[in-house]
2 protein chains.
Amino acid sequence: MRRVTIFEQTSLDGFFADANGDMSWAHKDDPEWNAFAGSNARSGGALLFGRVTYELMAKFWPTPEAKEIMPAVAEGMNRMSKYVFSRTLDQVTWSNTTLLKGEPAEEVRKLKREVGPDLVILGSGSIVSQLAQAGLIDGYQIVVNPIILGRGKSLFETVTRRLDLRLIDRKPFRNGNTVLTFDSAA
Amino acid sequence: MRRVTIFEQTSLDGFFADANGDMSWAHKDDPEWNAFAGSNARSGGALLFGRVTYELMAKFWPTPEAKEIMPAVAEGMNRMSKYVFSRTLDQVTWSNTTLLKGEPAEEVRKLKREVGPDLVILGSGSIVSQLAQAGLIDGYQIVVNPIILGRGKSLFETVTRRLDLRLIDRKPFRNGNTVLTFDSAA
């Protein structure tokens, strides 16, 4: 069965975006971090997005600017298989992208039964929240940033039950980030 | 000037207590963790509490049970100088405790100007939130637990501005906790 993992930025107070939806506070640009982001993008999984995150990504990664600033990440993002959940989009233009119109938990149950690479969710807070609540997330890779936002959007906003996790890896970065990797303990 | 630091448990979604105020999910009892908690309790600072946390602690640490289960921590907690913020309490019975009736930020500004050991806040979410907003916290020691709570109480509930921190230490524990230590970057 294909695994579903999430890769998410978080503030110390548990937000992936500030109250205005801004995620630029999480932006890091140093060689150690860029190497990690690049190797993550070469990992060969397929990507899953909510509509909001998809549109942000689809606007950026295919551009010449993206290819110049972060060539390894841009190459990976454009090449990988991508799925986007949306009831409002009619078509998708980003390379190698499939539009999924069904209910996210149901679509993910179907994808997990198919043969294919593991599935990675980037950003996409409302999708993460629904899938976490449904018990469909197998792995959590969380980038703990050295910041408190005070107000913001939580990744697990609609989760109403406790999810116990098992820590499997910690990666320290000189920029102050700590990447914690967990498996679902259920 | 005396430093004010906080020592706090957090879930991955940024809560120090669940929606019912329960903090038992953060409880760990293994030799590596107990040694760390014991050495923290021997650090010689003075403790600052909000009324709710104070009452929980004052009910537990002076008991024979506490002295039997965690002797090093109990000895430290009972011996250290303690301050509790409360407008409703009239007296305090726990050893070495001073009652502060003024507005927390104002009282802390006064304490910082006095000569004495550094001040450590345990739990006390509403006090932490007020002091963080007022820029009075110098150090943040955050225990990141391997759990998602979904619903809960945030340490920084009344913080309305972004607080940039500087990571100064990471301590990994085999129980899945990661203790991250930050200084205020302001």
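So, here's what we can say about the structure. (Residues numbered from 1 in each chain as written. Chains lettered and ligands numbered in written order. Predicted model: local features only at pLDDT ≥ 70, side-chain atom pairs only at ≥ 80, totals over all residues.)

Section: the overall build of chain A
- Of the regular secondary structure elements, chain A holds 6 helices and 11 strands.
- For 186 residues, the compact-globule formula gives about 16 Å, and the C-alpha radius of gyration of chain A, at 16 Å, lands near that figure.
- Counting only C-alpha atoms and orienting by the principal axes, one finds that chain A spans roughly 45 × 40 × 30 Å.
- Looking at chain A residue by residue over its 186 residues, the buried ones come to 37%.
- Summarising the internal contacts of chain A: among those between residues at least 6 apart in sequence, 74% fall at separations of at least 24. (Helix = DSSP H or I, 4+ residues; strand = E, 2+ residues; numbered from the N terminus. Rg over C-alpha atoms; globule rule 2.2 N^0.38 Å. Buried ≥ 20, exposed ≤ 12 C-beta atoms within 10 Å, placed from the backbone. Contact = placed C-beta atoms within 7 Å.)

A short note on the pairing of strand β6 (residues 119–122) of chain A
Residue and element names in this part refer to chain A.
- Here β6 shows two buried faces, one formed by Leu119 and Ile121 and the other by Val120 and Leu122.
- Both strand β1 (residues 4–10) and β6 contribute to a ladder of 4 bridges, which runs parallel. Bridging from a neighbouring strand, Thr5 pairs with Val120 of β6.
- By the bridge criterion, 3 bridges tie strand β3 (residues 46–50) to β6 in an arrangement that is parallel. Note that in β6 the partner of Leu48 across the bridge is Ile121. (Pairing = 2+ DSSP bridges.)

A word on the relation of the copies chain A and chain B
- Rotating chain A by 180° and moving it 0.0 Å along the rotation axis overlays it on chain B with an RMSD of 0.0 Å. Taken together, the rotation and translation describe the operation of a two-fold axis. Using C-alpha coordinates, one finds that chain A approaches the rotation axis most closely at Gly14(A), a distance of 2.1 Å.
- The share of interface residues of chain A whose copies in chain B are also at the interface is 100%, consistent with both copies meeting through the same surface. (Least-squares fit on C-alpha atoms with pLDDT ≥ 70 in both.)

Digging into the packing of helix α1 (residues 31–41) of chain A against helix α4 (residues 71–79) of chain A
Residues and elements named next belong to chain A.
- Remark: α1 packs on α4, axes separated minimally by 8 Å, with the N-to-C direction vectors making an angle of 20°. Taken as axis vectors, α1 and α4 run roughly parallel relative to one another. Crossing handedness for the pair α1 and α4: left-handed. Counted together, Ala37, Gly38 and Ala41 of α1 and Ala72, Val73, Gly76 and Met77 of α4 form the full contact between these two elements. (Axes fitted to C-alpha atoms, helices over the stretch in contact; angles between N-to-C directions. Parallel < 35°, antiparallel > 145°, perpendicular 65-115°, else oblique. Left-handed = near helix turned anticlockwise from the far one by under 90°.)

Side note on the pairing of strand β10 (residues 163–172) of chain B
- Summarising the sheet, strand β8 (residues 147–148) of chain A and β10(B) pair through 2 bridges and their orientation is antiparallel. From the neighbouring strand, Ile148(A) faces β10(B), where its bridge partner is Leu163(B).
- Connecting β10(B) to the antiparallel partner strand β11 (residues 178–184) of chain B that follows it, the hairpin turn spans 5 residues, and Gly176(B) within it adopts a positive phi of roughly 100°.

Re the environment of Glu106(A)
- Secondary-structure assignment places Glu106(A) in helix α5 (residues 104–113).
- C-alpha separation for the pair Glu106(A) and Leu131(A), spaced 25 residues apart in sequence, amounts to 9.5 Å.

Points about the sheet that holds strand β11 (residues 178–184) of chain A
- Ordered in space as β5(A)-β4(A)-β3(A)-β6(A)-β1(A)-β7(A)-β11(A)-β10(A)-β8(B), the 9 strands form an open sheet in which the pairing is mixed. The open sheet terminates on both sides in strands that have one partner only, identified here as β5 (97–100) of chain A together with β8 (147–148) of chain B.
- Both β1(A) and strand β7 (residues 139–144) of chain A contribute to a ladder of 6 bridges, which runs parallel. Considered in β7(A), the bridge of Phe7(A) is made with Gln141(A).
- Of the strands in this sheet, β3, β4 (82–85) and β6 of chain A touch helix α2 (residues 51–60) of chain A, which is tilted by about 115° from β3(A).

So yeah, pure geometry; function would need other evidence.
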